[in-house]
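Spelled out, the chains give:
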Amino acid sequence: SPTTSLRDSRVVARMPTDAAPRCVAYDDTRTACVVGTAAGEIVFRERASSASALDAAAVEDHSKPSASPWTRQASARAADDTSAIVDIALSDAAHGRVIAAATASGEVSFWRASASGDSNGTPRVERVGLVRVEGGAKARCVAFAPSHDALTLAAACDDGVVRFYEPREKLTATAWESTLEFEGKKPGGDATALAWRRSSERTSAVNVPILAVGTTWTSEARHGVSVLAYDEKFRRWNVVTEMEDGLTTSARHLAWSATTTARGALNLVVASGSKCLVYEFTGVVVRGVEDAKQIGRLDHPCEVNSAEWNASGSVIATAAADGVVRLWSANLKDGTWREQTMGQTMQ
C-alpha cells in the first residue's frame with residue numbers, strides 16, 4: 001500500500017507508477033486537475049459536487065481548497081501514437097475546463113472537459129483543437145493565461161520562442177491558432193519554463209499581464225530568466241528585466257508568489273538544478289523595473305523538480321528528485337531563507 005511519512009518538514013510519498021505520470025496542472029479553484037502521462041494519456045479529475053457549505057465557501061476563497069474527494073475522472077489519448085506528454089495545462093474555471101497537452105512529437109492538442117449528462121455527473125474529455133508548433137520546434141512548457149485575461153495559451157519552445165495561441169471560436173474554444181510570438185534579443189536559446197502571474201495577484205501597483213520565461217543557451221553555458229510585461233497599447237511583450245545571477249543550469253520550474261509586498265514588490269522562485277533561487281522585483285511597469293535582486297537560495301541534495309508558494313507568499317514548497325517535499329521560509333530578522341523543521345514523524 002502507498003506509504004507517506006513526514007520527516008521534519010519533509011514529505012516522502014510512494015505512489016503507483018502504472019500510469020507513469022509526467023506532469024500535472026490544477027485550475028485556480030483547486031477543484032479540478034489534469035495529469036499527463038509518459039504514454040500520451042490525459043487524465044482529468046474533478047472533486048465531487050456534494051461539497052458542504054464550508055467546502056463551497058472554500059471554492060470562493062481560492063486560498064482555502066475544498067476537502068471534497070477526487071471521485072470524478074475521465075481520460076483521453078493526446079495523440080494517435082504513444083508520444084509522451086511533456087507538459088500539460090488547465091485553464092481557470094472562468095474559461096471553462098480547457099486542457100492543453102504538449103507532446104514529444106511537437107504537437108499541442110486542446111481538449112474540453114464537460115459533464116457527460118449521466119446522473120453521477122461523470123466528466124468527459126473531447127478534443128477541440130490541434131496545432132503543430134511552427135518551424136519544427138517543440139513546446140517544453142505550456143500554461144494558460146489567468147482568468148482576468150483572454151483564453152490564451154503560452155508555450156515555451158526549444159527554439160527560444162514563446163508562442164501564444166487563442167481559439168478563433170471563443171464560445172466553443174475551437175479553431176486554435178497562433179496569435180503572437182516573443183523571442184528575446186539573443187536568438188538561439190531554448191525556452192525551458194514559463195509562469196504567468198495569476199489574476200488574483202493583480203494590484204494597483206502592478207496591474208498588467210506579467211510572464212516569467214526561463215531560457216538556456218547551451219553552446220555558451222548561459223542560463224537566464226526574463227520578466228515580461230504586456231503592453232496592451234502596442235500589443236507586444238516587453239522585457240522589463242533579465243536575471244542570470246546564481247543560475248548555473250537551466251530553469252526547470254518558475255512560480256510567482258501569490259501576493260505583492262507592501263512595497264509593491266513581486267517575488268519569483270526558480271527551480272534550477274539542485275537549488276531554488278528567490279528573486280524580488282520592485283517597481284515593475286510595462287517598460288522596466290526599479291530594482292531586481294536575488295533574496296534567497298534554497299540548496300538541495302539533488303535536482304529540484306518544482307517549487308510553489310503558499311497562499312500568503314511566506315512559504316515555498318519544493319519537490320526534489322529524492323521524493324522529498326521540503327518547506328522553506330524567510331527568517332523575520334535577517335531575511336535568510338531556511339528549511340522549516342517540524343519536529344515530528346508520521347508513518
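Up top is the structure these notes are about.
Residues numbered from 1 in each chain as written. Predicted model: local features only at pLDDT ≥ 70, side-chain atom pairs only at ≥ 80, totals over all residues. Heavy atoms only, no water.

Student: Help me understand the packing of aromatic side chains, please; the structure alone is not making it clear to me.
Tutor: Centre-to-centre distance and the angle between the planes together describe a pair of aromatic rings. A full pass over the atoms with the stated rule returns nine aromatic pairs. Ring geometry for W196 against W237: centres 5.7 Å apart, planes inclined by 65 degrees, an arrangement best described as edge-to-face. Residue W196 is found in strand β15 (residues 190-196), and its partner W237 is found in strand β18 (residues 236-243); the two are separated by 41 residues along the sequence. Owing to a relative accessible area of 9%, W196 belongs among the buried residues under this scheme. Here W237 falls in the buried class, since its relative accessible area comes to 10%. If you follow R222 out to its NZ or CZ, it ends over the ring of W217, 4.9 Å from the centre. (Phe/Tyr/Trp six-rings, centres within 6.5 Å; stacked < 30°, edge-to-face > 60°. Helix = DSSP H or I, 4+ residues; strand = E, 2+ residues; numbered from the N terminus. Buried < 20%, exposed > 50% of the residue type's maximum accessible area, 1.4 Å probe, protein only. Lys NZ or Arg CZ within 6 Å of the ring centre and 35° of its normal.)

Student: Looking at this structure, I do not really get the sheet that holds strand β6 (residues 72-77). What am I missing?
Tutor: What holds strands together in a sheet is hydrogen bonding between their backbones, with the strands either parallel or antiparallel. Here four strands make up an open sheet; going across it, the order is β3-β4-β5-β6 and the pairing antiparallel. With partners counted over all chains shown, the strands left at the sheet margins are β3 (21-26) and β6, one partner each. Strand-to-strand twist in this sheet, taken as the mean axis angle between neighbours without regard to direction, amounts to 20 degrees. With six bridges joining them, strand β5 (residues 41-46) and β6 adopt antiparallel strand pairing. Bridging across to β6, I42 finds its partner in A76. (Pairing = 2+ DSSP bridges. Axes fitted to C-alpha atoms, helices over the stretch in contact; angles between N-to-C directions.)

Student: Got a minute to help me understand the pattern of salt bridges in this structure?
Tutor: Opposite charge on two side chains permits pairing when their charged atoms draw close. Counted according to the given criterion, the structure contains 18 salt bridges. Among the ionic pairs, R163 bridges to E134, the shortest N-O distance being 3.3 Å. Taken together, the residues R163 in strand β13 (residues 161-169) and E134 in the loop between β10 (123-132) and β11 (139-144) connect sequence positions 29 residues apart. For the salt bridge of R222 with E220, the shortest nitrogen-to-oxygen distance reads 3.5 Å. A residue is classified by how much of its surface remains accessible, and E220, at 40% relative accessible area, is partly exposed. (Salt bridge = Lys/Arg side-chain N within 4 Å of Asp/Glu carboxyl O.)

Student: Before we go on, may I ask you to explain the environment of F281 in this structure?
Tutor: Looking at where F281 falls in the secondary structure, it is placed in strand β21 (residues 275-282). Spatially, the C-alpha atom of F281 lies 5.3 Å from that of A265, the residues being 16 residues apart in sequence. Those residues in contact with F281, other than ones at most four positions away along the chain, are V227, T241, M243, W256, G264, A265, L266, L268, V289, D291 and A292. (Contact = heavy atoms within 4.5 Å.)

Student: Could you clarify how one ought to interpret the sheet that holds strand β17 (residues 222-231) in this entry?
Tutor: Read across the open sheet, the four strands follow the order β15-β16-β17-β18; overall the sheet is antiparallel. In this open sheet, the two edge strands, each paired with only one partner strand, are β15 and β18. The mean inter-strand angle of the sheet, taken between neighbouring strand axes irrespective of direction, is 25 degrees. As judged from the seven bridges shared by β17 and β18, these two strands associate in the antiparallel manner. Across the sheet, residue Y230 finds its bridge partner in β18, namely W237.

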